[in-house]
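Structure at a glance
Now for the letters of each chain:
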Amino acid sequence: MSPRTAAARRPRYPATREIDEQTRLGEVYMRSFLRTQVRLALFVCTVLACVVGGLPLLFLLIPELRSVHLLGVPLPWAVLAGLIYPAFVIGAWLYVRQAERNERHFAELVERR
């Protein structure tokens, strides 16, 4: 018989309720989740921009690459026409995969509380 058993307990609200009612704690949860998603989006966009923006710079700095032909097509055109789109698709696939992982982690965090 512990004297602590008779003490009134503060009711625990699930985190989903905190989010639904837009309390301060719910705002913290959502702000953290959105910050994670925005950070991921900025990272993927930055990587793709560096790849796309770096190709013209690469061909400018190494002029010998401009004279290389791949199946009768100049290398810069082959890279821009054939290799950029798979890079976009892979970047989008990785983004969706990581965004879904972030959502799962967030859902687990909310359900655990």
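Located above this text is the structure these notes cover.
Reference entry: report on the structure contained in this document. (Residues numbered from 1 in each chain as written. Predicted model: local features only at pLDDT ≥ 70, side-chain atom pairs only at ≥ 80, totals over all residues. Heavy atoms only, no water.)

**What to know about the overall build of the protein**
On a plain count of helices and strands, the protein comes out with 3 helices and 2 strands. Shown N-terminal to C-terminal, the secondary structure of the protein runs as helices and strands in the order α-α-β-β-α. Within the protein, contacts between residues at least 6 apart in sequence are counted, and of these 62% link residues at least 24 apart. Only carbon and sulfur atoms are counted for the fraction: they give 65% of the accessible area of the protein, which is about 9200 Å². (Helix = DSSP H or I, 4+ residues; strand = E, 2+ residues; numbered from the N terminus. Contact = heavy atoms within 4.5 Å. Areas by Shrake-Rupley, 256 points an atom, 1.4 Å probe, with all protein chains shown as cover.)

**Observations regarding the pattern of salt bridges**
A full pass over the atoms with the stated rule returns 1 salt bridge. Of the charged contacts, one joins Arg31 and Glu27 as a salt bridge, the two residues approaching to 3.9 Å between their closest N and O atoms. Within this pair, Arg31 and its partner Glu27 are both found in helix α2 (residues 24-61), separated by 4 residues, close to a single helical turn. Classification of Arg31 by relative accessible area gives partly exposed; the value is 45%. (Salt bridge = Lys/Arg side-chain N within 4 Å of Asp/Glu carboxyl O. Buried < 20%, exposed > 50% of the residue type's maximum accessible area, 1.4 Å probe, protein only.)

**Some points on helix α3 (residues 75-112)**
An ideal rise of 1.5 Å per residue puts 56 Å on 38 residues; α3 measures up with 53 Å between its terminal C-alpha atoms. The principal kink in α3, of about 35°, is found at Leu83, preceding the proline Pro86 by one to four residues. All of the buried residues in α3 are Leu75, Pro76, Ala78, Val79, Ile84, Gly91, Ala99, Asn102, Phe106 and Val110. (Expected span 1.5 Å × (residues − 1). Bend = angle between axes of the 7 residues up to and from the residue.)

**Description of α2**
With 38 residues, α2 should cover 56 Å at 1.5 Å per step; its first-to-last C-alpha distance of 53 Å lies within 8% of that length. For α2, the principal kink sits at Gly54 and spans about 30°; a proline, Pro56, occurs within the next four residues. Residues of α2 that are buried include every one of Gly26, Tyr29, Phe33, Gln37, Leu40, Val44, Leu48, Leu55 and Phe59, and no others.

**Concerning the nonpolar core**
Of all hydrophobic cores here, the largest spans 5 residues; its members are Leu55, Phe59, Leu75, Val79 and Ile84. Going through the elements one at a time, α2 and α3 are the ones with two or more residues in this core. With 3 residues, the single largest contributor to this core is α3. If sequence neighbours within four positions are ignored, Ile84 has contacts with Val52, Leu55 and Val79. (Core = buried A, V, L, I, M, F, W, Y, C linked by side-chain atoms within 4.5 Å.)

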